[in-house]
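Remarks on the overall topology
Below, each chain spelled out in residue letters.
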Amino acid sequence: MNAKFRVVAISLALVVVAGLVLLLVRPGHDPARIRPLALLIGAWLAFITAAWLLRKVPLRASVVLIVLGGIAVQLAAVSAPPQNSNDLYRYIWDGRVQAAGVDPYQYVPTARQLTGLRDEFLFHPRAEYCITQAYVSHHPAAELAAGCTAINRPTVPTIYPPVAEAYFLGVHFLPLASSSTKPIQATTALVAVLITVLLLFGLRRLRRDIRTAALWSWCPMVALEAGNSAHVDVVAAGIAAAAILVLATARTTRRTILGGVLLGLAIATKLTPALAVPALLRRRWFTVAAAASSAFIAVYVPHLLAVGSKVIGFLPGYLQQENYTTGTRYGIIGLLVTGPLASALAVLILAAVALAVLQFGDPDRPWQGALYMTAAALAVTTPHYQWYALLLVMLVAFDGRPEWLAFAAGAYYAAEPNLGRYTLPSRLVDAAAYGIPVLVVAGGWLVRYELARRGVGSTRPLPATAEPAATPGLAVAAVTALVAADASQVDASQVAALDLGGGIVSEPMPRRVRVFAGDQTREARV
């Protein structure tokens, strides 16, 4: 298939992704009433197909497709109110509270002290979460005011760290930000597109195949959780991506400090980027740790001085509600043990992975160790909130091995397991949602190992412009095809050379050519 046909096919696949995202966020436009999980599977298959076809498209055309395709799927997601999460109403409220000069950790949304900030957008009789007068009477110490609100968990304080709160405050000052979801949805979608641009520049700086940025830009999860649900995890992933890029290329103390500061700010946006810490401590660990800790503490100090211990927010209550404190929340571990022993086993597994990353991680490729740590955390904790995997999607875009995206796809099954009569028993849902991705990644590793054993994989990696040796099928088959193609043998006489300016050299170079593919870099004689 030549490049023009590939561009057309990719464009059609992206139209399918955008169309299915549109049906997911606007279920009323679906005349067949297809289950969300089926639409998600279709979107993921179209996304995988587009990413596979992109491998042989020239770099400049790839950049255009990656950026425009990412914008298209985000526009489809932004076009409707949030469907799968209502967290953004808390974001809007926290921004409003801060604009009024009140610390966001001081009061719960239904506090009597904040009734003057209520309006019909967030507080109205048809809203989902209602606090009755009877509840208020039974909890006089809480100083609540009765009413119905769109804000979930309206009787508990916010859980979001200070940088996230600063983001909410910034969005609050946009036009219509207090009376509509569109401003925060559009802003988060813009952040997702900016992350794509950052990945394109970062991958080029790292001399990696920039086409892997499509694994973030076109991913259905990024569209749904950024453009539609507006999750602040997208902002955290963006700051974490900047930290990884800076620290991976840092050769001076000043840049190391900058990378550490960015890491601390990412963790102070959402705690999940802390999973990247072991991988990022492999070089100048003390400087990185000191800079990250200083930045993290610095953003907390003003709130700590204002509200004291209330700055912890709802985090302890969240862990209790999700049954992590009782040890009954671990889907895979729970098949073997539950209770305190399950919690102890979870801690041991994550500690072992962290130590392995600290000991054996590549400081020049910190995204690899961060990816292993994030995937391990998802497999151990088996969360029901799919947006927790956004950090993993960003890391896969750096890494280039698409089989790891199975964890992000599996997270949707954990959140939406309903398949009618084919629905699994509830106790097996989480184990399947995150256990199958473990098997997919293991299968990908075996494919790469076998090809390398035959003298194909790491010694002769596939250049980004060569024809893959496999074709996509269904979900796992498509991922396996990408893995196999990524390690296929190449006839050196047919290699097209990549120039460092980001273009394609139309004629073979006469002597040595640097070829970039996935994790590999080699010099080929052509």
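All of these numbers come straight from a predicted model, not from anything done at the bench.

Conventions used here
Residues numbered from 1 in each chain as written. Predicted model: local features only at pLDDT ≥ 70, side-chain atom pairs only at ≥ 80, totals over all residues. Heavy atoms only, no water. Helix = DSSP H or I, 4+ residues; strand = E, 2+ residues; numbered from the N terminus. Expected span 1.5 Å × (residues − 1). Bend = angle between axes of the 7 residues up to and from the residue. Buried < 20%, exposed > 50% of the residue type's maximum accessible area, 1.4 Å probe, protein only. Contact = heavy atoms within 4.5 Å. 1 Å grid on protein atoms, 1.4 Å probe; cavity = no way out; pocket = protein on both sides within 12 Å on 5 of 7 lines; lining within 4 Å. Points joined across faces, edges and corners; volume = space filled by probe spheres on them. Nonpolar A, V, L, I, M, F, W, Y, C, P; charged D, E, K, R; others polar. Phe/Tyr/Trp six-rings, centres within 6.5 Å; stacked < 30°, edge-to-face > 60°. Core = buried A, V, L, I, M, F, W, Y, C linked by side-chain atoms within 4.5 Å. Patch = residues over 30% accessible without salt bridge, like charges linked within 9 Å, V, L, I, M, F, W, Y side chains within 5 Å. Areas by Shrake-Rupley, 256 points an atom, 1.4 Å probe, with all protein chains shown as cover. Salt bridge = Lys/Arg side-chain N within 4 Å of Asp/Glu carboxyl O. Axes fitted to C-alpha atoms, helices over the stretch in contact; angles between N-to-C directions. Parallel < 35°, antiparallel > 145°, perpendicular 65-115°, else oblique.

**Examining unusual backbone geometry**
For arginine 207, which is not glycine, the phi torsion reads 60° and is therefore positive. Its place among the elements puts arginine 207 in the loop between α7 (182–205) and α8 (214–217). Positive phi is not limited to glycine here, since threonine 382 has a value of about 40°. Tracing the sequence through the fold places threonine 382 in the loop between α16 (366–381) and α17 (390–399).

**So, helix α13 (residues 285–307)**
Compared with an ideal rise of 1.5 Å per residue, which puts 23 residues at 33 Å, α13 spans 32 Å between its outermost C-alpha atoms and is within 8% of the ideal. For α13, the principal kink sits at valine 301 and spans about 35°; a proline, proline 302, occurs within the next four residues. Turning to α13, its buried residues are Val288, Ala291, Ala292, Ala295, Tyr300, His303 and Val307. Those residues of α13 that are buried lie in contact with α6 (162–172), α10 (233–249), α11 (253–267) and α12 (277–280). Positive phi appears at glycine 308, one or two residues downstream of α13, with a value of about 65°.

**A look at the layout of surface pockets**
Approximately 1400 Å³ is the volume attributed to the largest pocket. For the largest pocket, the lining is made up of 49 residues, of which Thr272, Leu315, Tyr318, Leu319 and Tyr388 are closest to its centre. Every element with two or more residues in the lining of the largest pocket is listed here: α4 (87–99), α13, α14 (315–321), α15 (340–360) and α16. The element contributing the most residues to the lining of the largest pocket is α16, with six residues. Considering only residue class, the lining of the largest pocket consists of 32 nonpolar, 12 polar and five charged.

**Describing empty space enclosed by the protein**
Remark: the empty space left among the atoms is shown by a probe the size of a water molecule rolled over them. Evaluated as defined, the whole model comprises six cavities of 30 Å³ or more. By volume, the second largest cavity is sized at about 80 Å³. What lines the second largest cavity is Leu247, Ala248, Ala250, Thr256, Ala279, Leu280, Arg282, Arg283, Arg284, Val288, Pro363 and Pro366. Every element with two or more residues in the lining of the second largest cavity is listed here: α10 and α12. Counted by class, the lining of the second largest cavity contains eight nonpolar, one polar and three charged residues.

**Details of the environment of valine 108**
Looking at the element boundaries, valine 108 is found in the loop between α4 and β1 (129–131). When its relative accessible area of 14% is taken as the criterion, valine 108 is described as buried. Valine 108 sits 48 residues away from valine 156 along the chain, and the two C-alpha atoms are 5.3 Å apart. What valine 108 contacts, discounting residues up to four positions off in sequence, is Leu114, Leu144, Pro154, Thr155, Val156 and Pro157.

**Regarding the packing of aromatic side chains**
Tallied over the full model, the rule gives 18 aromatic pairs. An angle of 65° between the planes, with centres 5.4 Å apart, marks the rings of tryptophan 93 and phenylalanine 123 as edge-to-face. One end of the pair, tryptophan 93, is in helix α4; the other, phenylalanine 123, is in the loop between α4 and β1, and 30 residues separate them in sequence. Pairing tryptophan 404 with phenylalanine 407 gives two aromatic rings, centres 6.2 Å apart and planes at 20°, and the pair type is stacked. Residues tryptophan 404 and phenylalanine 407 agree in their burial class; the two are buried. By way of ring pairs, the aromatic residues Tyr91, Tyr160, Tyr167 and Phe168 are connected into one cluster.

**Quick look at the nonpolar core**
Ranked by internal contacts, the top residues of the largest apolar core, which has 123 residues, are Trp216, Trp218, Met221, Met394 and Phe398. In this structure, methionine 221 is in contact with Trp44, Ala226, Gln386, Ala389, Leu390, Val393, Ala408, Ala411 and Tyr412, ignoring residues within four places of it in sequence. In this structure, Tyr330, Ile333, Ala342 and Val380 belong to the second largest nonpolar core, which totals 11 residues.

**Examining a nonpolar patch on the surface**
A cluster of nonpolar side chains, Val64, Leu68, Ile71 and Leu75, forms an exposed patch at the surface whose accessible area comes to about 370 Å². Looking at the secondary structure, you find valine 64 in helix α3 (residues 59–78).

**A look at the environment of isoleucine 66**
Topologically, isoleucine 66 is positioned in helix α3. As a C-alpha pair, isoleucine 66 and leucine 54 span 12 residues in sequence and 9.2 Å in three-dimensional space. Residues within four places of isoleucine 66 in sequence aside, it is in contact with Leu54, Thr196, Leu200, Ile210, Arg211, Ala213, Ala214, Ser217 and Trp218.

**Some remarks on the pattern of salt bridges**
Applying the stated criterion to the full structure yields 12 salt bridges. A salt bridge links arginine 211 to aspartate 209; the nearest nitrogen and oxygen atoms lie 3.0 Å apart. For the pair arginine 211 and aspartate 209, a shared accessibility class is recorded, and that class is buried. Aspartate 364 is paired through a salt bridge with arginine 283; the nearest N and O atoms lie 2.4 Å apart. With aspartate 364 in the loop between α15 and α16 and arginine 283 in the loop between α12 and α13, this pair connects stretches of sequence that are 81 residues apart. The partly exposed category is assigned to aspartate 364, whose relative accessible area is 36%. Since its relative accessible area comes to 22%, arginine 283 is described here as partly exposed.

**Topic: the packing of α7 against helix α9 (residues 220–228)**
At a closest axis distance of 7 Å, the pairing of α7 and α9 adopts a crossing angle of 140°. As judged from the angle between their axes, α7 and α9 are oblique. Along its contact with α7, which presents Gln185, Thr188, Ala189 and Ala192, the element α9 presents Val222, Ala226, Gly227 and Asn228.

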